[in-house]
Amino acid sequence: RVQFKRGRIVRIAACVFIVVPLLYLLFSKSNQLQYEASLNRKSLSEPDKYIIRSRPVFKADGKLGNLEPPLEPYKEGPGEGGKAYHLPEAYRAAGDASLGEYGMNMETSNHISFDRTIPDLRMEECKYWDYPLDLPKASVILVFHNEGFSSLMRTVHSIIKRTPAQYLEEIILVDDFSSKADLDQKLEDYIQRFNGKVRLIRNTEREGLIRTRSRGAKESRGEVIVFLDAHCEVGLNWLPPLLAPIYSDRKIMTVPVIDGIDYQTWEFRSVYEPDHHYRGIFEWGMLYKENELPEREAKKRKYNSEPYKSPTHAGGLFAMDRAFFLELGGYDPGLLVWGGENFELSFKIWMCGGSIEWVPCSRIGHVYRSFMPYNFGKLADRVKGPLITYNYKRVIETWFDEKHKAYFYTREPLAMFLDMGDISEQVALRDKLHCKDFSWFMKHVAYDVYTKFPELPPNLFWGEAKNLGTQKCLDSMGRTAPAVIGTSYCHGSGSSQLFRLNAEGQLGHGERCVDADKQGVKLIFCRLGTVDGPWRFHNSTRQLEHAILKRCLSVHPETNQLAMLRCDENNSYQQWRFKEVRPD
Ligand code: UD2
Ligand code: MN
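Residues numbered from 1 in each chain as written. Chains lettered and ligands numbered in written order. Predicted model: local features only at pLDDT ≥ 70, side-chain atom pairs only at ≥ 80, totals over all residues. Heavy atoms only, no water.

(A) A look at helix α12 (residues 387–399). Helix length check: α12 (13 residues) gives 19 Å between terminal C-alpha atoms against 18 Å at 1.5 Å per residue, within 8%. The buried count for α12 comes to 11 of 13 residues, which makes it a mostly enclosed element. Within α12, the full set of buried residues consists of Leu387, Thr389, Tyr390, Asn391, Tyr392, Lys393, Arg394, Val395, Ile396, Thr398 and Trp399. Tucked into the core, α12 has its buried residues touching α7 (208–219), α11 (341–351), α13 (402–411), α14 (424–432) and α15 (438–444). (Helix = DSSP H or I, 4+ residues; strand = E, 2+ residues; numbered from the N terminus. Expected span 1.5 Å × (residues − 1). Buried < 20%, exposed > 50% of the residue type's maximum accessible area, 1.4 Å probe, protein only. Contact = heavy atoms within 4.5 Å.)

Dropping the structure here:
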């Protein structure tokens, strides 16, 4: 009996320990999809290796993707279909006035429905992706300072209308201390209709967009945060393609393709050629640039509509795991108001274990203004010198290595003398997170920067270039390339008179170059991928010779115009003295 009993126990144990797990395995395999779909959302904060997450699947059967919305019904009316709207004569004066106030024609915007239809600018392929159905929920954060009411509300309406409700936690409007009346009670009343989906919080003083975004992130509840400017219209099915990469790897920041909305007519159009991909890079003066997607990245994907890696992004529009954003410290709280925060976050993400992906199937329209209508407020008074350079300097001093810092100061010499506040906490964060170094970033991520902006040779001279004949200084006259330049009274404060002659003969002014032909001397676009130029400075005679023209840079004694004349070392109108300048 004892033996019999033992035999039964063995059989039962065998059943429990072998058959049940086997059955379970079989069962769970066949239900892999459901299993993945039912993953507890909390698991996203655990280390990646413990989690199996599903990814988007391209549908070969020709049926539309699982989250593909129905076509929007055709509508007639101003701006419908994303068409340009031209104000009737009677409203043009008001339109011009609003353009002067907002940098965009708010009168035009006021004539267009908040819920207008827009064209579907996505690649055809984008309609045929299935997305995991248990994507995380997003808080969309819009920070604003003195924006127009109608363009702000059109942003909100477009999000509500084009986002599957199950993925939208909330829309948070963060008012950065606006002073316009219709952003007060009128705004508060208007958003009541969204039954709490749209929340409004306000700064009690001007913080600038960077700190205001960090505040929005802290106060949001979604697992993912999405930042958009307050003058956007999201495209069809814009959100799931942004959420999917984050779902598969919480350290990916995703960036949509930005379409253009015309500041005058509100026309909605692509700024890129169809199916052609770009990614975000920078030049050594830290101006944001875009470059065609290098083959090396393009070929990592099977479909041209798939996301691809990018070194950086324009700044305004992106999605990110909220906890990851906060683990990285949000934006550097020492950055002021506007600019450079896109690089700060990008370097931090890449060098501290994450990555950035641009997502072709997510498209969002943005109004590029005609000019920046606001000033930087009291925060700017804290800074000696330009606030944007202050931000750039913080970022490069924290994240660059010595070699690359030198390129920045070569390109932007005055930055050497500018204040950047205290960056010790940023450097400490970099150490604490064991972030990789900048040469790793350049080699493995931003390698295409070098193909457009090679390593910069040092400056032989920089500062103002004074003509000894007229005692006037080389001056871009505030013109933008391509344009003829001249000379004017030496003011000693750089800006339009700040030129750099590098060791390879390139004469630079900001991000532009100076070249000449027999007709004159011009500011031109530097030839991408080159850092050399035709200029040779002869120390003994103080002449600046053009190696191809074999002529010397001169001021014409009669016309006072710049001219390329036959070199004559006794002619003081051909003699130049470079002198460093200092910030005022
Ligand atoms: C671009 C970015 C912008 C930001 C900026 C650099 C895009 C499309 N836009 O400039 O998001 O990264 O570069 O910092 O990539 N705002 C405030 N407080 C301020 C100033 C602005 O809340 O003190 C708001 C403003 O109302 C808007 C957003 O910040 O919603 C971005 O400002 P912008 O539209 O003037 O910047 P933009 O598009 O020229
Ligand atoms: Mn903007």
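Read on for the rest.
(B) Local environment of the environment of Arg116. Along the chain, Arg116 falls in the loop between α4 (106–111) and β2 (129–130). When the C-alpha positions of Arg116 and Pro78 are compared, they lie 8.6 Å apart, and in sequence the two are 38 residues distant. Filtering out sequence-adjacent residues up to four positions away, Arg116 remains in contact with Lys75, Gly79, Glu80, Gly82, Lys83, Arg154, Lys161, Arg162, Glu233, Ile261, Trp266 and Phe268. One polar contact links the side chain of Arg116 to the main-chain carbonyl oxygen of Trp266, over a distance of 2.9 Å. (Polar contact = N/O pair within 3.5 Å; in protein donor to acceptor, adjacent residues only side chain to side chain.)

(C) Representation of the site of ligand 1 in the model. Neighbouring ligand 1 are 23 residues; Glu147, Asp176, Arg206, Glu341 and Tyr374 lie closest to it. Arg206 is positioned with one of its side-chain polar atoms (N or O) 2.7 Å from an oxygen atom of ligand 1. Coverage of ligand 1 by the protein chains reaches 92% of its 730 Å² of free accessible surface. Among the secondary structure elements, those contributing two or more residues to the shell around ligand 1 are β3 (138–144) and α7. Broken down by element, the shell around ligand 1 gets its largest block of residues, three residues, from α7. Residues belonging to the shell around ligand 1 are distributed by class as follows: nine nonpolar, seven polar and seven charged. (Near = heavy atom within 4 Å. Areas by Shrake-Rupley, 256 points an atom, 1.4 Å probe, with all protein chains shown as cover. Nonpolar A, V, L, I, M, F, W, Y, C, P; charged D, E, K, R; others polar.)

(D) Main features of the UniProt feature "domain: Ricin B lectin" (unreviewed entry) in the chain. Here the UniProt-annotated "domain: Ricin B lectin" (unreviewed entry) positions come out as residues 462–579. The span residues 462–579 carries 0% helix and 47% strand; its end-to-end C-alpha distance comes to 7 Å. (UniProt positions renumbered as here; feature names shortened; annotations may be inferred.)

(E) Focus on the nonpolar core. Core analysis: the largest hydrophobic core is formed by 57 residues, its most contacted members being Phe282, Trp284, Met286, Met320, Phe347 and Phe441. Tallying contributions element by element places α11 first for this core, with six residues. Sequence-distant contacts of Trp284, that is, excluding residues within four places in its chain, are made with Phe400, His404, Tyr407, Phe408, Arg411, Met442, Val449, Tyr450, Phe453, Pro454 and Leu456. (Core = buried A, V, L, I, M, F, W, Y, C linked by side-chain atoms within 4.5 Å.)

(F) Expanded view of the coordination of the manganese ion (ligand 2). In the first shell of the manganese ion (ligand 2), the protein supplies Asp229 (OD), His231 (NE2) and His366 (NE2), at 2.2 to 2.3 Å from the metal. Each donor residue of the manganese ion (ligand 2) lies on the same chain, and together they follow the pattern D-x1-H-x134-H. With His231 in the loop between β6 (224–228) and β7 (232–234) and His366 in strand β14 (residues 355–367), this pair connects stretches of sequence that are 135 residues apart. His366 matches His231 in its accessibility class, with the two residues each being buried. (Donors = N, O, S within 2.8 Å, 3.2 Å for Na, K, Ca; no water.)

(G) Structural context of the packing of α12 against α13. For the pair α12 and α13, the least separation of the axes is 9 Å and the interaxial angle reads 160°. By the criterion of interaxial angle, the relationship of α12 to α13 is roughly antiparallel. Contacts between α12 and α13 involve Tyr392, Lys393, Ile396 and Glu397 from the first element and Lys405, Phe408 and Tyr409 from the second. (Axes fitted to C-alpha atoms, helices over the stretch in contact; angles between N-to-C directions. Parallel < 35°, antiparallel > 145°, perpendicular 65-115°, else oblique.)

(H) Fine view of the environment of Phe325. As for its position among the elements, Phe325 is in helix α10 (residues 322–327). Spatially, the C-alpha atoms of Phe325 and Asp130 are 27 Å apart, while their sequence positions differ by 195 residues.

(I) Quick look at the pairing of strand β15 (residues 459–467). Note: β15 against strand β19 (residues 499–502), four bridges, orientation antiparallel. Paired with Phe461 across the two strands is Leu501, which belongs to β19. Across four bridges, β15 lies against strand β27 (residues 576–579) in antiparallel orientation. Note that in β27 the partner of Glu464 across the bridge is Lys579. (Pairing = 2+ DSSP bridges.)

(J) Representation of the sheet that holds strand β24 (residues 543–546) within the structure. Sheet architecture is open: four strands sit in the order β23-β24-β25-β26, paired in antiparallel fashion. Either end of the sheet is taken by a strand with one partner, and the two such strands are β23 (535–538) and β26 (562–565). In this sheet, adjacent strand axes meet at a mean angle of 35° when their direction is disregarded. One ladder, built from two bridges, connects β24 with strand β25 (residues 551–555); its direction is antiparallel. What sits directly across from Glu545, in β25, is Cys552.

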